[in-house]
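# Breakdown of the fold
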Amino acid sequence: MAVAAEQEIQAREYIQAVFETVQRRNPNESEFQQAVKEILESLVPVLAKHPKYREQGILERIVEPERLVTFRVPWVDDQGIVRVNRGFRVQFNSAIGPYKGGLRFHPSVNASIIKFLGFEQTFKNSLTGQPIGGGKGGSDFDPKDKSDREIMRFTQSFMTELSKYIGPDTDIPAGDIGVGGREIGYLFGQYKRIRGAHEAGVLTGKGTLYGGSLARTEATGYGCVYFVDEMLAAKGLGFEGSTVVVSGSGNVAIYAVEKAAQLGAKVVACSDSNGYIHDPNGIDLAAVRRLKEQERKRIAEYVLDHPGATYQEGCSGIWSIPCDIALPCATQNEIDEDAAKLLVKNGVKAVGEGANMPSTLQAIEVFLQAGVLFGPAKAANAGGVAVSALEMAQNSTRQAWEFEEVDARLHGIMRSIYQNSVQAAEEYGHPGNLVVGANIAGFLKVADAMIAQGVV
Ligand code: NDP
């Protein structure tokens with residue numbers, strides 16, 4: 001047998017053994033196992049070519065978080081009843097910089113979700129080219145239907161405990177599902193009060209009145225569209241004149257819709273966790289923003305004053321709407337194999353993952369087999385954390401850059417993430433496969449930094 005083929009078999013066996021250990025150590029954590037499986041499988045050609053990663057136990061170390069903290073979050077609701085939620089912070093990998101990653105407030109949050117997100121974040125942060133390690137956190141608290149006062153009491157209680165583990169040079173949280181500008185404001189206020197110092201660099205996604213960066217709010221959605229635009233441009237295509245479907249109607253979705261429309265696309269659908277709207281004339285983004293950002297209502301109400309639009313209960317139906325470009329920007333595993341097949345049947349040309357892990361492993365396979373341009377989350381949605389790192393840089397130097405400057409840097413970062421992913425995919429024998437390319441490009445930097453720092 002040729003040496004290369006034998007090395008590949010050995011790499012596969014080794015990776016399978018590491019994965020089995022992950023399964024054994026993390027039983028019932030399906031999301032975490034799914035994220036680990038996707039990355040490890042991409043690394044076969046790297047392990048086959050470079051035995052040093054095996055000799056140094058890099059895979060065994062990289063799949064194990066440096067630290068996972070869980071804590072009680074007690075608070076009192078408006079009726080005076082004591083409530084208790086569970087808080088999490090995973091500090092996954094600090095090889096290339098302090099832990100960095102968002103906080104998610106959603107009833108589905110558990111150790112598996114937080115670990116999958118923290119694991120992915122490690123590679124995503126590496127891909128941005130910024131000096132940030134991987135972390136993630138959150139709580140099973142449901143912000144829906146809570147009063148503003150309840151949100152404040154909860155976030156203050158959450159930060160009282162979290163503050164023991166974070167700091168501008170240690171671990172820098174940001175927003176994610178259920179944690180937007182309002183929550184970051186309350187979290188920062190409580191942290192400042194506990195520390196007695198205005199350490200702006202401890203959180204990102206802050207308001208621009210107190211240390212936030214212009215263009216951070218837009219960054220994930222805009223960045224996702226910039227990334228997809230690179231994929232399209234390489235094939236002589238573009239957003240101009242295309243039909244786009246975006247799931248979600250939160251932070252990422254809203255700015256993906258805005259940028260796609262700016263580039264000449266017609267966005268015909270978006271959703272929330274109850275259902276989706278289809279507006280063949282093109283989504284009225286101002287109306288969506290008013291409903292979701294200000295009035296905090298359900299997307300269903302959109303159709304009340306948009307006669308051409310329809311509303312359907314349930315989330316997966318959105319993928320039955322024919323489109324050229326699909327941007328899943330809501331949550332994990334929202335595109336399964338059947339939804340992917342439907343998208344392909346209806347002629348989708350490109351998929352850009354704005355959310356984290358929105359496509360199942362089977363769905364990704366369907367897209368790749370069909371030759372659909374596929375931008376995986378850790379590359380396509382890295383714009384948010386990239387601009388968070390720019391926010392940290394501005395905080396450290398006490399500067400505030402113009403919107404245009406941050407946006408131009410974001411655009412440059414998304415372009416280089418695309419190019420690095422393409423190059424890594426080619427170099428390791430999977431030309432055009434950005435899932436493999438992004439995983440390898442993200443891995444190499446973290447792994448080499450780990451080797452340089454010894455067995456820690
Ligand atoms: P938001 O809370 O602002 O919005 C989330 C949107 O998705 C809402 O429309 C929400 O509906 C919908 N949604 C949430 N859970 C589900 C579900 N189980 N099924 C269907 N729809 C659901 O969050 P973000 O926009 O910040 O985050 C969206 C995704 O992007 C997440 O995967 C997040 O991890 C990822 N991401 C976010 C970044 C950021 O900078 N914010 C950076 C990188 C990735 P409803 O209104 O009903 O709650």
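See the structure above.
Notes on the structure in this doc start here. (Residues numbered from 1 in each chain as written. Predicted model: local features only at pLDDT ≥ 70, side-chain atom pairs only at ≥ 80, totals over all residues. Heavy atoms only, no water.)

## Considering the site of the ligand
Looking at the ligand, there are 26 residues lining it, with Asp 176, Thr 220, Ser 273, Arg 298 and Asn 356 nearest. Arg 298 places a side-chain nitrogen or oxygen 2.4 Å from an oxygen atom of the ligand. A distance of 2.8 Å is found between an oxygen atom of the ligand and a side-chain nitrogen or oxygen belonging to Asn 356. Relative to its unbound accessible surface of 890 Å², the ligand loses 84% to contact with the protein. Looking at the shell around the ligand, the elements that each hand over two or more residues are helix H9 (216-233) and helix H10 (251-262). Class assignment for the residues of the shell around the ligand results in six nonpolar, 13 polar and seven charged. Each of domain 2 (67-198) and domain 3 (219-380) gives at least three residues to the shell around the ligand. (Near = heavy atom within 4 Å. Polar contact = N/O pair within 3.5 Å; in protein donor to acceptor, adjacent residues only side chain to side chain. Areas by Shrake-Rupley, 256 points an atom, 1.4 Å probe, with all protein chains shown as cover. Helix = DSSP H or I, 4+ residues; strand = E, 2+ residues; numbered from the N terminus. Nonpolar A, V, L, I, M, F, W, Y, C, P; charged D, E, K, R; others polar. Domains from an automatic or database assignment.)

## Details of the sheet that holds strand E12 (residues 373-375)
On the basis of which strands lie adjacent, the open sheet formed by seven strands has the order E9-E8-E7-E6-E10-E11-E12 and mixed pairing. Looking at the sheet topology across the chains shown, the edges are occupied by strand E9 (310-313) and E12. Within this sheet the neighbouring strands show an average axis-to-axis angle of 15°, counted without direction. Summarising the sheet, strand E10 (residues 325-328) and strand E11 (residues 350-352) pair through two bridges and their orientation is parallel. What sits directly across from Ile 325, in E11, is Ala 350. Of the strands in this sheet, strand E6 (243-247), strand E7 (266-271) and E10 touch H10, which is tilted by about 170° from E6. (Pairing = 2+ DSSP bridges. Axes fitted to C-alpha atoms, helices over the stretch in contact; angles between N-to-C directions. Contact = heavy atoms within 4.5 Å.)

## Some remarks on the packing of aromatic side chains
Taken as a whole, this structure holds 18 aromatic pairs when the rule is applied. Measuring from ring centre to ring centre gives 3.8 Å for Phe 141 and Phe 154, while their planes differ by 5°; the resulting arrangement is stacked. Residue Phe 141 is located in the loop between strand E4 (133-139) and helix H7 (148-162), and its partner Phe 154 is located in helix H7; the two are separated by 13 residues in the primary sequence. There is no split in this pair, since Phe 141 and Phe 154 are both buried. Residues Tyr 222 and Tyr 255 carry aromatic rings whose centres are separated by 6.2 Å and whose planes lie at 70° to one another, so their mutual orientation is edge-to-face. Here Tyr 222, found in helix H9, pairs with Tyr 255, found in helix H10; they are 33 residues apart in sequence, far enough to count as distant. By relative accessible area, which is 5% here, Tyr 222 ends up buried. Judged by relative accessible area, Tyr 255 falls into the buried class, the value being 5%. Through a chain of ring-to-ring contacts, three or more aromatic side chains come together here, namely Phe 71, Trp 75, Phe 105, Phe 141, Phe 154 and Phe 158. (Phe/Tyr/Trp six-rings, centres within 6.5 Å; stacked < 30°, edge-to-face > 60°. Buried < 20%, exposed > 50% of the residue type's maximum accessible area, 1.4 Å probe, protein only.)

## Digging into the sheet that holds strand E3 (residues 99-105)
Judged by pairing direction, the sheet is mixed, and its five strands sit side by side in the order E1-E2-E4-E3-E5 without closing on themselves. Either end of the sheet is taken by a strand with one partner, and the two such strands are strand E1 (67-76) and strand E5 (171-174). Strand-to-strand twist in this sheet, taken as the mean axis angle between neighbours without regard to direction, amounts to 20°. Note that E3 and E5 share four bridges and pair parallel. Looking across to E5, one finds that Tyr 99 is bridged to Asp 171. Strands in contact with helix H6 (residues 111-127) are E1, strand E2 (82-93), E3 and E4; relative to E4, the strand with the most contacts, it is inclined by about 150°.

Coordinates in, geometry out; function isn't part of it.
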